[in-house]
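Spelled out from the first residue to the last, the chains are:
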Amino acid sequence: MMKSFSEIREELKNIRRDMYKTGGTADLKLIASYLDRVVLSLEDLTETLELMDVELETACECVECKPEKKAKAAKKKSKKR
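Basis of the calculations
Going along each chain's sequence as written, the residues are numbered from 1 onward. Only residues with pLDDT of 70 or above have their local features reported here, since the model is predicted, and side-chain atom pairs are shown and tallied only from 80 upward, although totals for entire chains, interfaces and linings are computed over all residues. The basis for the side-chain values is all heavy atoms of the structure; hydrogens and waters are excluded. Put simply, DSSP marks the helices as runs of H or I at least four residues long and the strands as runs of E at least two long, and each gets a number from the N terminus on. When accessible area is computed with a 1.4 Å probe and restricted to protein chains, residues below 20% of their type maximum are described as buried, those above 50% as exposed, and intermediate ones as partly exposed. Exposure was quantified through the Shrake-Rupley algorithm and a 1.4 Å probe, taking into account, for residues, occlusion by the shown protein chains and nothing else. Like charges within 9 Å and nonpolar side chains (Val, Leu, Ile, Met, Phe, Trp, Tyr) within 5 Å are joined into patches, using only residues over 30% in relative accessible area that form no salt bridge. For this document, the term salt bridge refers to a Lys or Arg side-chain nitrogen within 4 Å of an Asp or Glu carboxyl oxygen. All tallies of charge rest on Lys and Arg as positive and Asp and Glu as negative; His and the ends of each chain are not included. Where a charge lies is defined by one atom per residue type, namely NZ (Lys), CZ (Arg), CG (Asp) and CD (Glu).

Caption draft 1: Up close: the overall build of the chain. A count of helices and strands for the chain gives 2 helices and 0 strands. Within the chain, the fraction of its 81 residues that count as buried is 9%. If you sum the accessible surface of the chain, you get close to 7,100 Å²; carbon and sulfur atoms cover 61% of it.

Caption draft 2: Layout of a negative patch on the surface. A surface patch of negative charge is lined by Asp36, Glu43, Glu47, Glu50, Asp53, Glu57, Glu61 and Glu64. If you trace the backbone, Glu50 turns up in helix H2 (residues 28–80).

Caption draft 3: Representation of the pattern of salt bridges in the model. One pass over the full model with this rule turns up 4 salt bridges. Residue Glu11 is joined to Lys3 by a salt bridge in which the shortest nitrogen-to-oxygen separation is 2.3 Å. The salt bridge involving Arg37 is made with Asp18; its shortest N-O contact spans 3.1 Å. Taken as a pair, Arg37 in helix H2 and Asp18 in helix H1 (residues 5–22) lie far apart in primary sequence, 19 residues in all. For Asp18, a relative accessible area of 26% translates into the label partly exposed. What you see here is one network of salt bridges that share partners, running through Lys3, Glu11 and Asp44.

Shown next, in the form of structure tokens:
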């Protein structure tokens, strides 16, 4: 499931909050757990960014195609005269 930026940001804030709560008593397993949660959040972020990249590329291709169609229509009109 793709997560929004705000969801990922909230996850990271929660991890940070948890780290501060247990910072003085954290053992290696707990630190590894925090690190794992951060990595999972970053993976979610990369999925979101990859999808945005595809959508942006598609949108740019569509925008680039529209002026060409108008230019071709203008050329046809000028040839008919």
